[in-house]
Amino acid sequence: MKPASIVYSIRPSHPEAHIFEVRCTLANADPSGQRFSLPAWIPGSYLIRDFVRHIVSIRAEAAGKPVRLDKIDKHSWQAMPTGKKRSALTVICEVYAWDLSVRGAHLDQTHAFFNGSSVFLRALGHEHLLCLVDIQRPLGKRYRDWRVATALASAEGEKGAADRHGFGVYRAANYAELIDHPVEMGGFTLATFSACGVPQEVVISGRHDCDLARLTADLTRLCEWQIRFFGEPAPMPHYLFLITAIGDGYGGLEHRASTALLCARDDLPYPGMQGTPERYRTFLGLCSHEYFHSWNIKRIRPAAFSACDLDAENYTTLLWAFEGFTSYYDDLALLRCGLIEPEEWLGLVARTIDKVLRDPGRKRQTLAESSFDAWTKFYRPDENTPNAVVSYYAKGALVALALDLRLRAGTRNRVSLDDVMRALWLRHGERAGYGGVGVGDDDIRLLAEELSGLDLAQFFAAAIHGTSELALAPLLKPFGIQMLRQNASTTPTLGAKISTDGREVRLATVYAGSPAQTAGLSAGDLLIAIDGLRVTPDSLERLLCRRQAGESIRIVAFRRDELMEFSLRLESPASDKHQLVVKEKRNVLREGWLGVMTSRDTASSSES
Ligand SMILES: [Zn+2]
């Protein structure tokens, strides 16, 4: 007997109006009134987005007759009770799709992209059922050549099962899996490669001139390094890089067997390209980040995400480990698989240090708090965010670096963060035949202590639950790396972040405790003049660079439509630039921290 299933269909019914028609048919609807709802958020992006706001029409029917559907809260409906017997029920809705991001759905005459969380209703009480999805081609000649790219499996054995990259029926084991496989339809570019025997696909939609041979060669090295890092076999049977290339854009979202990426077409490698330009290196870093998530968050999860509630915020204090550690390893993987040089990698770390030390928010919020409050703070930035919030990505990556160095230094390089990640995978990860155990608040510290024999209580208390500065310089020194500070500029500062449209100069953020704040200036103020001379994007630096810290200046500014005058005492420039310099190259290599010389890596490297 076939297992019970829930049947969906999706069709771009009006591409020019950005409308999908989506159907959901349930054979055994709840006779007391079946409920349906759409997720309030998409896993991986911690913000309530209320995707339901894009449902523009909805109706239900049974046996060809309309069934009343009542809306019961902002994202749920209930069908009229059908008496005692369970019967088949179909809900048909139209979904507006015009969000060109990796989190939503987008449709026009050139392509279709969707995440299941934007389009597929969840039949409450039936989330565990097998899902069949009929992905249908839009009507019309112009869509004749469209294909389908997704990591969803074809519903082999079912009527109308999709061929590879074809329209037709796909399957997912349950609702959670259904919404974890984004889908692209269109006339995309397709390239394939294999990493440790696992088939990998790259799909690029949008105009581009990508050198596919270069991209797949680089991704092969990267993916193989990551698979070997956690240990073969890879947990995903296949993997898809689903790339949308546009004029300008950047974003990525991780899924269990794919990632949706948005990039500028100029980020992609082009035929004849020399070396690895910064834009392409950043793109490879993004690919690396999302691929690393295949383990670190998709299969090694915070305990709080074990039973994921799609209706409301899910709180964890651990995003510093899942996003921050992933941010540490994304660029480190590029180095360790040979795609970038050690000096380049150190430059990227220095940039992260600059970023964390620039914003006063690091003195207000701990990493545990930043993780917990991601929903209301990190994902909802405003003019005061730099003063109030610390990034669990950036500071989390520096904590990973600090912990890695601490472990290596404290164990004569016997234990590193690599070992902690592997142990997390072996003990907590969801692998074949093993469901995985959620990671609790103290599990990472306990694991690091167990493996190293070190007492790390103080380290974690300060780094995760405190706001003191991370002491990186003394940790780097034994590895032959010197951390240098230099002022980025000698021009005295107002202590504000400036935004300009090319004509006007506005204050975007006024830093806490800065001269601008003390003088009474606020975010949004439009600067008009300094000491009687007009402020323009060009003149601001010139007006300030001839002054000294400690001097007072008069600023005239508009707040809304009211002209105001301020007296401000300039300060020395605060934003230090950091540089990480290799002082003793042999030392770095001997210690093996940069990973290029250790026997373990050499043994598993894909270099040929
Ligand atoms: Zn991430």
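Residues numbered from 1 in each chain as written. Predicted model: local features only at pLDDT ≥ 70, side-chain atom pairs only at ≥ 80, totals over all residues. Heavy atoms only, no water.

Caption draft 1: Here's a closer look at the side chain of Ser539. Relative to the helices and strands, Ser539 is located in helix 15 (residues 539-545). A distance of 2.8 Å separates the side chain of Ser539 from the backbone nitrogen of Thr536, its partner in a polar contact. (Helix = DSSP H or I, 4+ residues; strand = E, 2+ residues; numbered from the N terminus. Polar contact = N/O pair within 3.5 Å; in protein donor to acceptor, adjacent residues only side chain to side chain.)

Caption draft 2: Seen up close, the coordination of the zinc ion. The protein atoms that coordinate the zinc ion are His289 (NE2), His293 (NE2) and Glu323 (OE), at distances spanning 2.0 to 2.1 Å. Here the donor residues of the zinc ion share one chain and are spaced in sequence as H-x3-H-x29-E. Here His293, found in helix 4 (residues 278-293), pairs with Glu323, found in helix 5 (residues 319-336); they are 30 residues apart in sequence, far enough to count as distant. The buried category is assigned to His293, whose relative accessible area is 0%. (Donors = N, O, S within 2.8 Å, 3.2 Å for Na, K, Ca; no water. Buried < 20%, exposed > 50% of the residue type's maximum accessible area, 1.4 Å probe, protein only.)

Caption draft 3: The confidence of the model for the chain, seen in detail. Here the chain averages 94 in pLDDT, and 96% of its residues register 70 or above. The low-confidence segment residues 596-608 (pLDDT under 50) makes 18 contacts with residues lying over four places distant or belonging to another chain. (pLDDT = per-residue confidence, 0-100. Contact = heavy atoms within 4.5 Å.)

Caption draft 4: Region of interest: the side chain of Glu254. Examined against the element boundaries, Glu254 turns out to sit in strand 20 (residues 250-254). There is no salt bridge for the buried Glu254, and the closest opposite charge comes from Lys298, which lies 5.9 Å off by N-O distance. Setting aside residues no more than four positions away along its own chain, Glu254 makes contact with Gly44, Asp180, Thr259, Glu290, His293, Ile297, Lys298 and Glu323. (Lys, Arg positive; Asp, Glu negative; His and termini not counted. Salt bridge = Lys/Arg side-chain N within 4 Å of Asp/Glu carboxyl O.)

Caption draft 5: Structural detail: the pairing of strand 8 (residues 87-96). For strand 8, the tally of buried residues reaches 7 of 10 residues, placing the bulk of the element in the interior. Here strand 2 (residues 19-29) runs beside strand 8; their pairing, made up of 9 bridges, is antiparallel. Paired with Glu21 across the strands is Glu94, a residue of strand 8. Two elements, strand 4 (residues 55-62) and strand 8, share 6 bridges in a ladder whose sense is antiparallel. (Pairing = 2+ DSSP bridges.)

Caption draft 6: Geometry of the pattern of salt bridges. With the rule as written, the count across this model stands at 32 salt bridges. A salt bridge links Arg122 to Asp311; the shortest N-O distance between them is 2.8 Å. Here the residue Arg122 occupies a position in strand 11 (residues 122-123), and Asp311 occupies one in the loop between helix 4 and helix 5, the gap between them amounting to 189 residues. For Glu469, the salt bridge is made with Arg362, and the minimal N-O distance between the two is 2.7 Å.

Caption draft 7: Spotlight on the environment of Pro138. Mapped onto the fold, Pro138 is located in the loop between strand 12 (130-135) and strand 13 (147-150). Here the alpha-carbon distance between Pro138 and Arg35, two residues 103 residues apart in the chain, equals 29 Å. Apart from the residues within four sequence positions on either side, Pro138 is in contact with Pro12, Pro15, Tyr143, Trp146 and Phe167.

Caption draft 8: Examining the packing of helix 5 against helix 9 (residues 394-410) more closely. The contact between helix 5 and helix 9 brings their axes to 7 Å, and the two run at 70 degrees. It follows that helix 5 is roughly perpendicular to helix 9 by the angle criterion. Contacts between helix 5 and helix 9 involve Trp320, Gly324, Phe325, Ser327, Tyr328 and Arg336 from the former and Gly396, Ala397, Val399, Ala400, Leu401, Leu403, Asp404 and Arg408 from the latter. In terms of residue class, the contact of helix 5 with helix 9 is made up of 8 nonpolar, 3 polar and 3 charged. (Axes fitted to C-alpha atoms, helices over the stretch in contact; angles between N-to-C directions. Parallel < 35°, antiparallel > 145°, perpendicular 65-115°, else oblique. Nonpolar A, V, L, I, M, F, W, Y, C, P; charged D, E, K, R; others polar.)

Caption draft 9: Summary view of the nonpolar core. Ranked by size, the top nonpolar core spans 102 residues in total, and within it Tyr46, Phe241 and Trp320 carry the most contacts. Per-element accounting of this core gives the leading share, 11 residues, to helix 5. When residues no more than four places from it in sequence are discounted, the contact partners of Tyr46 are Trp41, Ile297, Phe305, Leu319, Ala374, Trp375, Tyr379 and Tyr392. Among the nonpolar cores identified, the runner-up in size contains 62 residues, and Leu107, Val183, Met185 and Ile246 belong to it. (Core = buried A, V, L, I, M, F, W, Y, C linked by side-chain atoms within 4.5 Å.)

Caption draft 10: Geometry of the environment of Val510. Along the chain, the position of Val510 falls in strand 24 (residues 505-510). Spatially, the C-alpha atoms of Val510 and Ser522 are 6.1 Å apart, while their sequence positions differ by 12 residues. Other than its neighbours up to four places away in sequence, Val510 contacts Asn387, Gly495, Ala496, Ala516, Gln517, Leu521, Ser522 and Ala523.

Caption draft 11: Inspection of helix 10 (residues 417-428) at higher detail. Under the 1.5 Å per step criterion, the end-to-end length of helix 10 is 16 Å for 12 residues, consistent within 8% with the ideal 16 Å. The buried fraction of helix 10 is high, at 10 of 12 residues. The set of residues buried in helix 10 consists of Leu417, Asp418, Asp419, Val420, Met421, Arg422, Ala423, Leu424, Trp425 and His428. If you check the start of helix 10, you find a side-chain oxygen 3.1 Å away from the backbone N of Asp418, and it comes from Ser416. (Expected span 1.5 Å × (residues − 1).)

Caption draft 12: Expanded view of the pairing of strand 28 (residues 562-569). Inspection of the sheet shows strand 27 (residues 552-559) paired to strand 28 by 8 bridges, in the antiparallel sense. Paired with Ser552 across the two strands is Arg569, which belongs to strand 28.

Caption draft 13: Quick look at the packing of aromatic side chains. Under the defined criterion, the tally for this structure stands at 31 aromatic pairs. Considering the side-chain rings of Phe229 and Phe230, the 5.0 Å spacing of their centres and the 85 degrees angle between planes classify their relative orientation as edge-to-face. The same class applies to Phe229 as to Phe230, namely buried. Judged by centre distance (6.1 Å) and plane angle (75 degrees), the ring pair of Phe378 and Tyr379 falls under edge-to-face. Here the aromatic residues Trp225, Phe229, Phe230, Tyr239, Phe241, Tyr291, Phe292, Trp295, Tyr328, Tyr329, Trp345 and Trp425 are joined through ring pairs into a cluster of three or more. The ring of Phe229 has Arg422 sitting right over it, with the charged end atom 4.8 Å from the ring centre. Taking the ring centre of Trp425 as reference, the NZ or CZ of Arg431 above it sits at 5.9 Å. (Phe/Tyr/Trp six-rings, centres within 6.5 Å; stacked < 30°, edge-to-face > 60°. Lys NZ or Arg CZ within 6 Å of the ring centre and 35° of its normal.)

Caption draft 14: Up close: the sheet that holds strand 5 (residues 65-67). Here 8 strands make up an open sheet; going across it, the order is 5-4-8-2-1-12-15-14 and the pairing mixed. Single-partner strands in this sheet number two, and they are strand 5 and strand 14 (153-154). Pairing of strand 4 with strand 5, which is carried by 3 bridges, proceeds in the antiparallel orientation. Bridge pairing in strand 5 links Ala62 to Lys65.

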